[in-house]
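# Survey of secondary and tertiary structure
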Amino acid sequence: AASSFQALNFFQLIPFNVFFLTRSMSSISSDFISFVVVGLLWGVTNPFLRRGMIVNAKNEEDPQEPSSWFKSLSSYLNFSVWFPYIVNQSGSLVYYRLLGKTDLSLTVPVCNALALAFGSITAWFLGEKVNKPYHALLGGVLVSFGVILCAISVDG
């Protein structure tokens, strides 16, 4: 007996599915995974880069002395700076691939919003203090709302 129940497509439940209507499911899931990978690589590495540069600045002899080109370059020789930097730049490679194959008005805000979210979570796990957590939460909500508006406007 044939069942009258039809499985719903998951992306039909998402309010910004207008972007995905003309694309195949494998392409959609690949793009979604790429968005998350870029946001993860950018967001997770930013607090580590900040921490590595702070540690490196504390090790300098005279912070009042104007920095030379060599001192700036030598800061990247520190493992706590160059490793997160390389991981961060690998996220940029994925991002540039995405810019070439997806809609620009959706890729840029989604990747940056995810980087903001992952960066905030990582900073919190590392014990960094957030001065005004409610402002950070409000900012995250506003960025999410803006991303949804961008996704909806892709159709129009």
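Residues numbered from 1 in each chain as written. Predicted model: local features only at pLDDT ≥ 70, side-chain atom pairs only at ≥ 80, totals over all residues. Heavy atoms only, no water.

## Side note on a nonpolar patch on the surface
Under the convention used in this document: Each patch groups residues whose relative accessible area exceeds 30% and which form no salt bridge, using 9 Å between like charges and 5 Å between nonpolar side chains of Val, Leu, Ile, Met, Phe, Trp and Tyr. The Shrake-Rupley method, run with a 1.4 Å probe, gives the accessible areas here. Residue values count only the displayed protein chains as cover. Salt-bridge detection follows one rule: a side-chain nitrogen of Lys or Arg within 4 Å of a carboxyl oxygen of Asp or Glu. Secondary structure counts use DSSP, requiring at least four H or I residues in a row for a helix and at least two E residues in a row for a strand, with both numbered from the N terminus.
Taken together, the side chains of Phe79, Trp82, Phe83, Tyr85 and Ile86 define a hydrophobic patch exposed on the protein surface, amounting to about 510 Å² of accessible area. Within the element layout of this structure, Phe79 appears in helix α3 (residues 79–101).

## Points about the pattern of salt bridges
Summed over all chains, the structure comprises two salt bridges. The partner of Lys101 in a salt bridge is Asp31, and the shortest N-O contact between them spans 3.3 Å. One end of the pair, Lys101, is in helix α3; the other, Asp31, is in helix α1 (residues 25–59), and 70 residues separate them in sequence. Taking the shortest distance from any N to any O, the salt bridge between Arg50 and Glu128 comes out at 3.1 Å. Here the residue Arg50 occupies a position in helix α1, and Glu128 occupies one in the loop between α4 (104–125) and α5 (133–153), the gap between them amounting to 78 residues.

## Notes on the packing of aromatic side chains
Spelled out, the test is: Pairs were defined over the aromatic rings of Phe, Tyr and Trp, the Trp ring being its six-membered one, requiring ring centres within 6.5 Å. Orientation was assigned from the angle between planes: stacked under 30 degrees, edge-to-face over 60, tilted for the rest. Exposure classes here rest on a 1.4 Å probe applied to the protein chains alone. A residue is buried below 20% of its type maximum, exposed above 50%, and partly exposed in between.
Within this structure, the stated rule accounts for six aromatic pairs. Aromatic side chains Trp42 and Tyr95 sit 4.7 Å apart centroid to centroid with 55° between the ring planes, which places their arrangement in the tilted category. Pair noted here: Trp42 is in helix α1 and Tyr95 is in helix α3, with a separation of 53 residues, a long-range link. On the basis of relative accessibility, which here comes to 12%, the residue Trp42 falls in the buried class. Cluster of aromatic residues (ring-pair linked, three or more members): Trp42, Tyr95 and Tyr96.

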